[in-house]
Structure formats: C-alpha cells, structure tokens
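Residues per chain, in single letters:
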Amino acid sequence: MRNVRVYRYRCCHCKRTFRYYPEGVSRADQTERLKQFAAVCWTLGLSHRGVSFMLSGWGVWLGHMSVWRDVQAEAGKRQKSNQQKKVRILGVDGANVLGWGEKQPVLVGVDLGMDKW
C-alpha cells in the first residue's frame, strides 16, 4: 500500500488527542513488514549497506543504521520468544540409496518424541 488512513480522535473529558493506526502501521516511517524484510535480507548474508542499496532499487530509502536498528530489534524479539517455548527434538539423516536403477538421495527426518526444556 502506498497510503493508509490514520484517524485522529480527541477525548471529550481531558481534551487530549490520540491516533488510531491500522495493523502493521505505526508512528515510525517504516512498516513492521519492511523492518522484518530488512532483517531477513541481513540474515541471508547482505551487509547493512547492501540491504540499504537493494531497497533503494525499489524506491525505498532506508539508511544502513536504520537497517542495523531493525536487525537488533528483530533479534531481541526472537530471543525473547525462543526462551519461552519448548523445542521438539528432530533427528535428521541423509543417504544415497539405489532405486530405479540409479542412486537416489534420501533425507529422513525422525521425531524422537522428546521435549527439551
């Protein structure tokens, strides 16, 4: 979306104003989706300046320090969410087996049925 409508309200009692933002939009210049996309691009191997340069090709002007802040914020969210969840243990093994007259790669995933806490 290029434009969103933000409503501004005034309290009848205290006369203070406040705004209602749609989901995914905040007071910041960046949307939550853009912040997450910048963090994913960095995770995939681009530098902070590389992410900034790539986004400028699409008309999104985002400085490398903003990308750094986005990556730090996403890392903090992920770290908090990972500390509170149980993790299923999965065993993975691969092999090349003979099938249909030639070797075929096979990847086997086994749920060990244990919870790690």
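Source: prediction; values computed, not measured.

## Comments concerning a positive patch on the surface
So, step 1. On the surface, a cluster of positive charge is made up of Arg-8, Arg-10, Lys-15, Arg-19 and Arg-27.
So, step 2. On the secondary structure map, Arg-19 appears in strand 2 (residues 17-20).

## A few points about the environment of Asp-29
So, step 1. Here Asp-29 shows up in the loop between strand 2 and helix 1 (32-43).
So, step 2. For Asp-29, a relative accessible area of 83% puts it in the exposed group.
So, step 3. For the pair Asp-29 and Leu-62, spaced 33 residues apart in the sequence, the C-alpha separation amounts to 9.6 Å.

## Describing the packing of aromatic side chains
So, step 1. Using the criterion set out here, one finds 3 aromatic pairs in the structure.
So, step 2. Ring pairing ties together the aromatic residues Tyr-7, Tyr-9 and Phe-18, which thus form one cluster.

## Topic: the nonpolar core
So, step 1. Counting residues in hydrophobic clusters, the biggest one holds 9 residues: Leu-34, Ala-38, Ala-39, Cys-41, Val-51, Leu-55, Leu-62, Val-67 and Val-71.
So, step 2. For this core, the secondary structure elements donating two or more residues are helix 1, helix 2 (48-56) and helix 3 (64-83).
So, step 3. For this core, the element with the highest residue contribution is helix 1, accounting for 4 residues.

## What about the pattern of salt bridges?
So, step 1. For the structure shown, the criterion picks out 3 salt bridges.
So, step 2. With a shortest N-O distance of 3.6 Å, Glu-32 and Lys-35 are connected by a salt bridge. Placement of both Glu-32 and Lys-35 in helix 1 is noted, with a separation of 3 residues, approximately one turn of the helix.
So, step 3. Overall, Glu-32 belongs to the partly exposed group, its relative accessible area being 28%.
So, step 4. Between Glu-74 and Lys-77 there is a salt bridge; the shortest N-O distance is 3.4 Å. Within this pair, Glu-74 and its partner Lys-77 are both found in helix 3, separated by 3 residues, close to a single helical turn.
So, step 5. For Lys-77, a relative accessible area of 41% corresponds to the partly exposed category.

## A look at the packing of helix 1 against helix 2
Pairs of packed helices are described in terms of their axes, by the angle between the two and the distance that separates them.
So, step 1. Running from N to C, helix 1 and helix 2 point in directions that differ by 125 degrees, and their axes come no closer than 9 Å. Taken together, helix 1 and helix 2 sit at an angle that is classed as oblique. The hand of the helix 1/helix 2 crossing is right-handed. Of helix 2, the residues touching helix 1 (which contributes Leu-34, Phe-37, Ala-38, Cys-41 and Trp-42) are His-48, Val-51, Met-54 and Leu-55.
So, step 2. Counted by class, the contact of helix 1 with helix 2 contains 8 nonpolar, 1 polar and no charged residues.

Analysis parameters
- Residues numbered from 1 in each chain as written.
- Predicted model: local features only at pLDDT ≥ 70, side-chain atom pairs only at ≥ 80, totals over all residues.
- Heavy atoms only, no water.
- Patch = residues over 30% accessible without salt bridge, like charges linked within 9 Å, V, L, I, M, F, W, Y side chains within 5 Å.
- Areas by Shrake-Rupley, 256 points an atom, 1.4 Å probe, with all protein chains shown as cover.
- Salt bridge = Lys/Arg side-chain N within 4 Å of Asp/Glu carboxyl O.
- Lys, Arg positive; Asp, Glu negative; His and termini not counted.
- Charge placed at Lys NZ, Arg CZ, Asp CG, Glu CD.
- Helix = DSSP H or I, 4+ residues; strand = E, 2+ residues; numbered from the N terminus.
- Buried < 20%, exposed > 50% of the residue type's maximum accessible area, 1.4 Å probe, protein only.
- Phe/Tyr/Trp six-rings, centres within 6.5 Å; stacked < 30°, edge-to-face > 60°.
- Core = buried A, V, L, I, M, F, W, Y, C linked by side-chain atoms within 4.5 Å.
- Axes fitted to C-alpha atoms, helices over the stretch in contact; angles between N-to-C directions.
- Parallel < 35°, antiparallel > 145°, perpendicular 65-115°, else oblique.
- Left-handed = near helix turned anticlockwise from the far one by under 90°.
- Contact = heavy atoms within 4.5 Å.
- Nonpolar A, V, L, I, M, F, W, Y, C, P; charged D, E, K, R; others polar.

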